[in-house]
Amino acid sequence: PLEINAPAELEEVVVVSRLEDPQVETAEMGAAKISARQLRATPVIFGEPDIIKTLQHQAGVAEGTEGLAGMHVHGGETDQNLYMLDNVPIYQVNHLAGLFSAFNTDMIRYADFFKTSFPAKYDGRLSSFTDVRLRDGDTDGHHGSARLGLTSGAFSIGGPLGDNTTYAAGIRRSWLDVLTVPLMALANAHEEDEKIDIHYYFMDLNAKVTHRFSPRLRASASVYFGDDRLKSRIEDTNNDSY
């Protein structure tokens, strides 16, 4: 005999999205929010997290020279992208000709990336706009972290400065100048007429103080300092250097 089963009925299914992305929460289809966790999870050269290299994986974004920090958004040039750090424009965002960016990932809370549908206050941008925000210090105690990479090291610390004030500070420095010491020694071992000495390093320093007047009102002050140093010296047999 032919048996006919009654159709199965499912209970109500509720789908909840937890994505913290302007592309989901608003109508800004050309926007993306890059979290600190996403930055650390993106594989990059030398294992150094990099905000610009993470943005190169976004749709509509193409990297410039492979492995470097430049990017072309919707066919624009690399110098048509605006970068800001806590609402302050940063015009030199690269170290070592673009191999590393000037943003210390350990100090980044998140970054808003706009390739279309720019907010009204940034209207008139030619290619893209990236708003990088530094993290605030912890209110429940002093905490620090240290990181050792193949080419640089970083240290950060943060904590309270009172009931409603916090601080956060971080420094990153490369040790490329240390790595070049044995290389220069090997190169000069076979040279009798002249000795070559080349040292290069870069450094980034970030600091931020935040005061909360109320749960919805706060003020902050941040400081950024970046430095690139290249030293070269050639010494000939007459002890003259230049």
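Conventions used here
- Just so you know, the residues in each chain are numbered from 1, in the order the chain's sequence is written.
- Thresholds applied to this predicted model are a pLDDT of at least 70 for local features of residues and 80 or more for the giving and counting of side-chain atom pairs; totals over whole chains, interfaces and linings are not thresholded and use all residues.
- Computation of side-chain values covers all heavy atoms of the structure but excludes hydrogens and water.
- Helix and strand definitions follow DSSP, with helices as H or I runs of at least four residues and strands as E runs of at least two, each counted in order from the N terminus.
- Here, two residues are considered to be in contact whenever any of their heavy atoms come within 4.5 Å of each other.
- Here the accessible surface of atoms and residues is derived via Shrake-Rupley with a 1.4 Å probe, and residues count as covered only by protein chains that are part of the display.
- Each residue is placed in one exposure class: buried if its accessible area under a 1.4 Å probe, protein chains only, is under 20% of its type's maximum, exposed if it is over 50%, and partly exposed if it falls in between.
- The set of buried Ala, Val, Leu, Ile, Met, Phe, Trp, Tyr and Cys residues whose side-chain atoms join them within 4.5 Å is what this entry labels a nonpolar core.
- Stacked, edge-to-face and tilted are the three classes for Phe, Tyr and Trp ring pairs, Trp counted by its six-membered ring, which pair at centre distances within 6.5 Å; planes under 30 degrees apart are stacked, over 60 edge-to-face, the rest tilted.
- Like charges within 9 Å and nonpolar side chains (Val, Leu, Ile, Met, Phe, Trp, Tyr) within 5 Å are joined into patches, using only residues over 30% in relative accessible area that form no salt bridge.
- We count a salt bridge whenever a side-chain nitrogen from Lys or Arg sits within 4 Å of a carboxyl oxygen from Asp or Glu.
- On a range of 0 to 100, pLDDT expresses the predictor's confidence in each residue.
- At least two DSSP bridges between two strands are needed for those strands to be called paired.

Caption draft 1: Structural view of the overall build of the chain. Along its length, the chain carries four helices and 14 strands. Residue pairs in contact within the chain that sit at least 24 positions apart in sequence constitute 55% of those at least 6 positions apart. Summing over all exposed atoms, the chain offers an accessible surface of approximately 15,200 Å²; the carbon and sulfur share of this is 55%.

Caption draft 2: Main features of the side chain of Thr130. Within the secondary structure layout, Thr130 lies in strand S9 (residues 128-134). On the basis of relative accessible area, Thr130 is assigned to the buried category, the value being 1%. Aside from chain neighbours lying at most four places away, what touches Thr130 is Leu55, Met71, Leu82, Tyr83, Met84, Asp112 and Phe113.

Caption draft 3: Up close: the nonpolar core. Ranked by size, the top nonpolar core spans 20 residues in total, and within it Ile51, Met71 and Phe103 carry the most contacts. Breaking this core down by element, the ones donating at least two residues are helix H3 (51-55), strand S3 (71-73), strand S4 (81-85), strand S8 (108-114) and S9. Non-local contacts of Ile51, meaning those with residues more than four positions away in its chain, are made with Ile34, Leu39, Ser101, Phe103, Ile108 and Ala111. Met84, Phe114, Tyr122 and Phe129 belong to the second-largest nonpolar core, a separate cluster that totals six residues.

Caption draft 4: View of the packing of aromatic side chains. Taken as a whole and judged by the stated rule, the model has three aromatic pairs. A ring pair is formed by Tyr83 and Phe103, whose centres lie 6.3 Å apart and whose planes are at 45 degrees; its orientation type is tilted. Taken together, the residues Tyr83 in strand S4 and Phe103 in the loop between strand S7 (100-101) and S8 connect sequence positions 20 residues apart. Of the two residues examined, Tyr83 and Phe103, each falls in the buried class. Look at Phe114 and Phe129: their rings are 5.9 Å apart centre to centre, the planes differ by 25 degrees, and that puts the pair in the stacked class. A residue pair is termed long-range when its members are at least 10 positions apart, and Phe114 in strand S8 and Phe129 in strand S9 qualify at 15 residues. The same class applies to Phe114 as to Phe129, namely buried.

Caption draft 5: View of a nonpolar patch on the surface. A surface patch of nonpolar side chains, amounting to about 350 Å² of accessible area, comprises Phe155, Ile171, Leu205 and Phe225. The residue Ile171 is located in strand S12 (residues 165-174) in this model. Under the relative-accessibility criterion, Ile171 is labelled partly exposed at 34%.

Caption draft 6: Inspection of the pattern of salt bridges at higher detail. Within the structure shown, the criterion is met by 11 salt bridges. Between Asp106 and Arg147 there is a salt bridge, with its nearest N and O atoms 3.2 Å apart. One end of the pair, Asp106, is in the loop between S7 and S8; the other, Arg147, is in strand S10 (residues 143-148), and 41 residues separate them in sequence. Residue classification places Arg147 among the buried residues on the basis of a relative accessible area of 18%. Between Arg172 and Asp204 there is a salt bridge, with the nearest N and O atoms lying 2.5 Å from each other. Here the residue Arg172 occupies a position in strand S12, and Asp204 occupies one in strand S13 (residues 194-214), the gap between them amounting to 32 residues. Look at Arg172 and you get buried, because its relative accessible area is 4%. Given a relative accessible area of 0%, Asp204 falls into the buried group. Ionic contacts of the salt-bridge type, sharing partners, join the residues Asp86, Asp136, Lys208, Arg212 and Arg218 into one network.

Caption draft 7: Geometry of the confidence of the model for the chain. Mean pLDDT for the chain: 82, with 86% of residues reaching 70 or above. Ranking the helices and strands of the chain by mean pLDDT puts S12 first, with 94, and helix H1 (residues 22-25) last, with 52.

Caption draft 8: Seen up close, the sheet that holds strand S5 (residues 88-89). Ordered by their spatial adjacency, five strands build an open sheet running S1-S8-S9-S4-S5, and the pairing between neighbours is mixed. Of all strands in the sheet, those bounded by a partner on one side alone are strand S1 (31-35) and S5.

Caption draft 9: Representation of unusual backbone geometry in the model. Phi angles above zero are rare outside glycine, and Asp86 is one such case at about 50 degrees. Mapped onto the elements of the fold, Asp86 is located in the loop between S4 and S5. With phi around 70 degrees, Asn87 is a residue other than glycine that occupies positive phi space. Inspection of the secondary structure assignment puts Asn87 in the loop between S4 and S5.

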